[in-house]
Amino acid sequence: MQPPDFPPLPALTRAEGEFIDHYLEVLDQLGRINPARGSDTYGALRAAQALVSRAGDLRDALALMHERGEARIHAATLARALRVLDGERRAGRVTVPPAPAS
């Protein structure tokens, strides 16, 4: 059995790749903290503690992009990368789930 074929990532600079990676890590931690989806305070506490570190990594990636003269965020390209890396599902964990049907 062969693994599924995933669409290729768009060409990114190293800094853009780090930006996307760290952004997704922040989303993952926020999803674990989300009180509408969580189940225990300890897991949310651990995620909140990790969020501080991940947010610092995200800040550093953006600072590196800025220092290298990458002044623009190419939203369409980065959105394609986020889709390939399952960003839509990961971002969905941050939202409030729909109310149950009555």
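Everything discussed here concerns the structure shown above.
Here goes a summary of the coordinates provided. (Residues numbered from 1 in each chain as written. Predicted model: local features only at pLDDT ≥ 70, side-chain atom pairs only at ≥ 80, totals over all residues. Heavy atoms only, no water.)

**What about the overall build of the protein?**
To keep things clear, this is the line we draw: Elements are defined by DSSP. Helices are runs of H or I of four residues or more, strands are runs of E of two residues or more, and each kind is numbered from the N terminus. We compute the radius of gyration over the C-alpha atoms and compare it with the globule rule, which gives 2.2 Å times the number of residues raised to the power 0.38. Buried, partly exposed and exposed residues are distinguished by accessible area as a fraction of the type maximum, computed with a 1.4 Å probe on protein chains only: under 20%, between the cut-offs, and over 50%, respectively. Contacts were defined at the residue level, with two residues in contact if any of their heavy atoms lie within 4.5 Å. Only the protein chains shown count as cover for residues, and all accessible areas are computed by the Shrake-Rupley method using a 1.4 Å probe. Lys and Arg are tallied as positive, Asp and Glu as negative. Neither His nor the chain termini are counted. By convention, the point assigned to a charge is CZ for Arg, NZ for Lys, CD for Glu and CG for Asp.
Along the backbone of the protein there are 4 helices and 0 strands. Starting at the N terminus, the α and β elements of the protein follow one another as α-α-α-α. Taking 102 residues into account, the globule formula puts the C-alpha radius of gyration at 13 Å, and the protein, at 16 Å, lies well above it. When the backbone C-alpha atoms are referred to their principal axes, the protein occupies close to 50 × 40 × 30 Å. Looking at the protein as a whole, 25% of its 102 residues are labelled buried. Long-range pairs, those at least 24 residues apart, make up 85% of the contacts in the protein between residues at least 6 apart in sequence. Only carbon and sulfur atoms are counted for the fraction: they give 57% of the accessible area of the protein, which is about 7400 Å². One finds the centroid of the 13 positive side-chain charges in the protein at a distance of 3 Å from the centroid of its 13 negative side-chain charges.

**Some remarks on a positive patch on the surface**
Definition in use: Patches were defined on residues exceeding 30% relative accessible area and lacking a salt bridge, with like-charge contacts within 9 Å and nonpolar side-chain contacts (Val, Leu, Ile, Met, Phe, Trp, Tyr) within 5 Å. What counts as a salt bridge is simple: a side-chain nitrogen of Lys or Arg found within 4 Å of a carboxyl oxygen of Asp or Glu.
Judged by side-chain charge, Arg32, Arg37, Arg46 and Arg93 come together as a positively charged surface patch. Looking at where Arg32 falls in the secondary structure, it is placed in helix 1 (residues 14-33). Its relative accessible area of 37% is what places Arg32 among the partly exposed residues.

**Focus: the pattern of salt bridges**
Under the defined criterion, the tally for this structure stands at 5 salt bridges. A salt bridge links Asp60 to Arg59; the shortest N-O distance between them is 3.0 Å. Taking relative accessible area as the criterion, Arg59 reaches 54% and is therefore assigned exposed. A salt bridge links Asp86 to Arg89; the shortest N-O distance between them is 2.5 Å. The class of Asp86 is partly exposed, set by a relative accessible area of 33%.

**Points about the packing of helix 1 against helix 2 (residues 41-67)**
Between two packed helices, the angle of one axis relative to the other and the distance separating the axes together describe the packing. The condition is simple: To define axes, lines are fitted to C-alpha atoms, for helices over the stretch in contact only, and angles between the resulting N-to-C directions are given on a 0 to 180 degree scale. In what follows, roughly perpendicular refers to angles from 65 to 115 degrees, roughly parallel to angles under 35, roughly antiparallel to angles over 145, and oblique to any angle outside these ranges. Rotating anticlockwise by less than a right angle from the far helix to the near helix defines a left-handed crossing, while the corresponding clockwise rotation defines a right-handed one. Residue polarity is assigned by list, with Asp, Glu, Lys and Arg as charged and Ala, Val, Leu, Ile, Met, Phe, Trp, Tyr, Cys and Pro as nonpolar; anything else, Gly included, falls into the polar class.
Interaxial distance between helix 1 and helix 2 falls to 8 Å at its minimum, and their mutual angle equals 160°. What the angle tells us is that helix 1 and helix 2 run roughly antiparallel. Crossing geometry of helix 1 relative to helix 2 is assigned as left-handed. Taken together, the residues that form the contact of helix 1 with helix 2 break down as 17 nonpolar, 3 polar and 7 charged.

By themselves, these are just geometric observations and shouldn't be taken as functional.
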